[in-house]
Amino acid sequence: MSNHCQVLGSRAGKGNTVSHSHRKTRRRFEPNLQRKRYFVPSLGRRVTLTLTPRGIKTIDKYGIDAVIARLVANGKIRV
């Protein structure tokens, strides 16, 4: 699975795990990535995207056609 959201570009963050005694060790904050399939009417086929829940809400708000058009225009996916 890809390590970033294809719509928003969210990636893993870095930080510290702080124990009860306040010892700090490095850790990663991974995004909540989901693989989701959408049918894109303008392409006439299904597209599988790796998304965060916020990316899914973005698609719900603007529509899959608009989001795919923006991704193609930015060169993030090929059609």
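Structural data are supplied above this passage.
Residues numbered from 1 in each chain as written. Predicted model: local features only at pLDDT ≥ 70, side-chain atom pairs only at ≥ 80, totals over all residues. Heavy atoms only, no water.

### Remarks on the side chain of Thr 58
Basically, it comes down to this: Helix and strand assignments come from DSSP, with helices taken as H or I runs of at least 4 residues and strands as E runs of at least 2, each series counted from the N terminus. Pairs of N or O atoms are called polar contacts if they sit within 3.5 Å, as long as, within protein, a hydrogen donor faces a hydrogen acceptor (for residues adjacent in sequence, only side-chain-to-side-chain pairs).
Mapped onto the elements of the fold, Thr 58 is located in helix 1 (residues 53–62). A polar side-chain atom of Thr 58 sits 2.9 Å from the main-chain carbonyl oxygen of Arg 54.

### Structural notes on the environment of Arg 11
To keep it simple, the criterion reads: For each residue, the accessible area found with a 1.4 Å probe, counting protein chains only, is set against the maximum for its type, and the residue is called buried under 20%, exposed over 50%, and partly exposed in between. Between two residues, a contact is recorded if the distance between any of their heavy atoms is within 4.5 Å.
Summarising the element assignment, Arg 11 is placed in the segment before strand 1 (13–18). The exposure class assigned to Arg 11 is exposed, which follows from its relative accessible area of 52%. A sequence separation of 21 residues divides Arg 11 from Asn 32, and the C-alpha atoms of the two residues are 9.8 Å apart. Residues within four places of Arg 11 in sequence aside, it is in contact with Asn 3, His 4 and Pro 31. At 3.4 Å, the side chain of Arg 11 forms a polar contact with the side chain of Asn 3.

No statement about biological role is implied by the geometric values presented.
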